[in-house]
Every structure is written in structure tokens, then in C-alpha cells.
Amino acid sequence: GDDQQPMTPPLSGIVDAFEDLARLVESKKAGEGDLMLATFCEACSLVSVLFSCLGLAFKFAELEYVAKVQDLLEASKSHQTLLHILDYDIMNDTVKTQGSHTRNLRRVRQGIDLIRTIFENFVSSDDNSLKESATTAYAKVCAPYHTWAVRTAVYAGMYTLPTREQLLQKLNETDKTADKMMRRYIRASAPVIEYIDSLYVSRKISLDW
Ligand code: 1PZ
């Protein structure tokens, strides 16, 4: 079990990885699209530790997320960059096909954005509960693109989320350190999300799915 391992604050690993990604993305000229898929996947896979703070109700979300990152990691063996998988799916007419790399990248990007929006809600108010932060964020970032069945399960699961205090304890953070970490993640993930969107836009793929 994860409670037996020496406790490194899991947020710091995620934040460091996304700050590295942000630096890579910002050092590139817009539209060049050469962020390495493997590098991106490594950062995304760290996010999985957050799921261990949630209850069984979000097990399906974890499996979904991990499977999609895993698919992209597999894809990185034959496609070097993020842009390469878009071009591959454009060529095969599978951009929006369920299970395609381009669709899975879109879903992982939505996951990163969901966490960012949860953190934004979380730091913006001291008495904001995790349930409220997560519900508002989910409604905005993911719900419009999820089926009714998934939305219903997610909203039901929200009632099982830990409290703010329980979450901070599981993350081995205090109010103050969590606030700092979350602000760093908010700042670092923004250019990464923007960058991914810019790839889709550069290939004339809409962002409304
Ligand atoms: C500490 C933070 C607490 C956050 C709690 C909120 C978690 C909301 C979880 C949303 C679950 C969505 C689950 C299933 C979604 C599927 O419909 C789609 C299917 O995509 P398709 O195969 O049709 O292309 N899957 C996804 O969108 C991929 C996974 C999304 C999970 C993102 C979670 C991000 C991390 C949350 C923090 C732990």
C-alpha cells in the first residue's frame, strides 16, 4: 500500500514536472510542435498519485486516465512528438475515433485542465470544500464532453470526496505549502494546455469535443 512508503509530498513531483514542460513549451516558437511525447507522458503519469487521495468512487476515473496516458506512452515508441500523433490520425481519418491517440491526448489534456481548475477554485477561497471546487471545475471543463452516465457517476462520486483537511493531510501538505504548490501548478500547466490546443488549432481541429 502507498501508506507504507516514505512520504515525499506528491504535489512537488507533479509541479516540478509541469514546470519543466512549461519551460520546454515556452522555449519553442509557436506552431513548431516539437514537444516530445515521452516527456509529456512522464509528467502526466505523475498525476496518477492524486487518485490515491480519492475514494473508490473515482477508481474508474483513474483507470480511464491511466489507460489513456499508457496509450500515449506506447505511441511514443513510434511517434516522437505530440504533433506527430495528430498528423498520424489526420492521415488515417481517426482524429475523433474512440481510442485514437489524438482523442486520448485530448482527454488527458482535459484531465490536466480539470486539476488546474480544481486548484484554482481551491486556492481562491479558504472555506471552499474540495467537493465544491471539484464539482464546479468538472462542470466547466469535462462535463460538456462526457456522456450522461459518466456525468451522473462523477457527480455522485463528489459526495465521497475527502474534506479539504483530509486531502491536505493525504498530500502531506499544510494549507500554506499546498497553496504554494497549487499556484505553481496553475501557472505551469497553463502554457502546456495552451500549447496542446495550439497544435489542434494548427491542424484545424476544433476544441469542442
Ligand atoms: C484532488 C482532486 C479531486 C478531483 C475529483 C474529480 C475527478 C473527476 C473525474 C472525472 C472522471 C471522468 C471519467 C471518465 C471519462 C470518460 O467518459 C472519458 C472517455 O473518453 P473516450 O474513451 O470516450 O474518449 N475519459 C476521459 O475523459 C479520460 C480520463 C479523465 C480523467 C481525468 C481525471 C483527472 C484527474 C483528477 C484528479 C485526481
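Residues numbered from 1 in each chain as written. Predicted model: local features only at pLDDT ≥ 70, side-chain atom pairs only at ≥ 80, totals over all residues. Heavy atoms only, no water.

Trainee: Tell me about the confidence of the model for the protein chain, and name the residues and values.
Mentor: A low pLDDT score tells you not to read the predicted coordinates there in detail. Taken as a whole, the protein chain shows an average pLDDT of 92; of its residues, 93% reach a score of 70 or greater. Within the protein chain, helix α8 (residues 164-170) has the poorest average pLDDT of any element, 92, and helix α4 (residues 82-92) the best, 98. (pLDDT = per-residue confidence, 0-100. Helix = DSSP H or I, 4+ residues; strand = E, 2+ residues; numbered from the N terminus.)

Trainee: With reference to specific residues and values, describe the side chain of Arg116.
Mentor: Structurally, the position occupied by Arg116 is in helix α5 (residues 101-123). Residue Arg116 is classed as buried on the basis of its relative accessible area, which comes to 17%. Setting aside anything within four residues of it in sequence, one finds Arg116 in contact with Tyr185, Ile186, Ser189, Ala190 and Ile193. (Buried < 20%, exposed > 50% of the residue type's maximum accessible area, 1.4 Å probe, protein only. Contact = heavy atoms within 4.5 Å.)

Trainee: Tell me about the packing of α5 against helix α9 (residues 175-202), and please be specific about residues and values.
Mentor: Here α5 crosses α9 at 150°, and the two axes come no closer than 9 Å. Relative to α9, α5 is oriented roughly antiparallel. Where α5 crosses over α9, the two elements pack in a sense that is left-handed. Counted together, Thr102, Leu105, Arg106, Arg109, Ile112, Asp113, Ile115, Arg116, Phe119, Glu120, Phe122 and Val123 of α5 and Asp179, Met182, Arg183, Tyr185, Ile186, Ser189, Ala190, Ile193, Ile196, Asp197 and Tyr200 of α9 form the full contact between these two elements. Of the residues that constitute the contact of α5 with α9, the class distribution is 13 nonpolar, two polar and eight charged. (Axes fitted to C-alpha atoms, helices over the stretch in contact; angles between N-to-C directions. Parallel < 35°, antiparallel > 145°, perpendicular 65-115°, else oblique. Left-handed = near helix turned anticlockwise from the far one by under 90°. Nonpolar A, V, L, I, M, F, W, Y, C, P; charged D, E, K, R; others polar.)

Trainee: Explain the environment of Lys180 to me, using residue names and the numbers behind them.
Mentor: Locating Lys180 in the fold gives a position in helix α9. Sequence separation between Lys180 and Ala61 is 119 residues, and the spatial gap between their C-alpha atoms is 26 Å.

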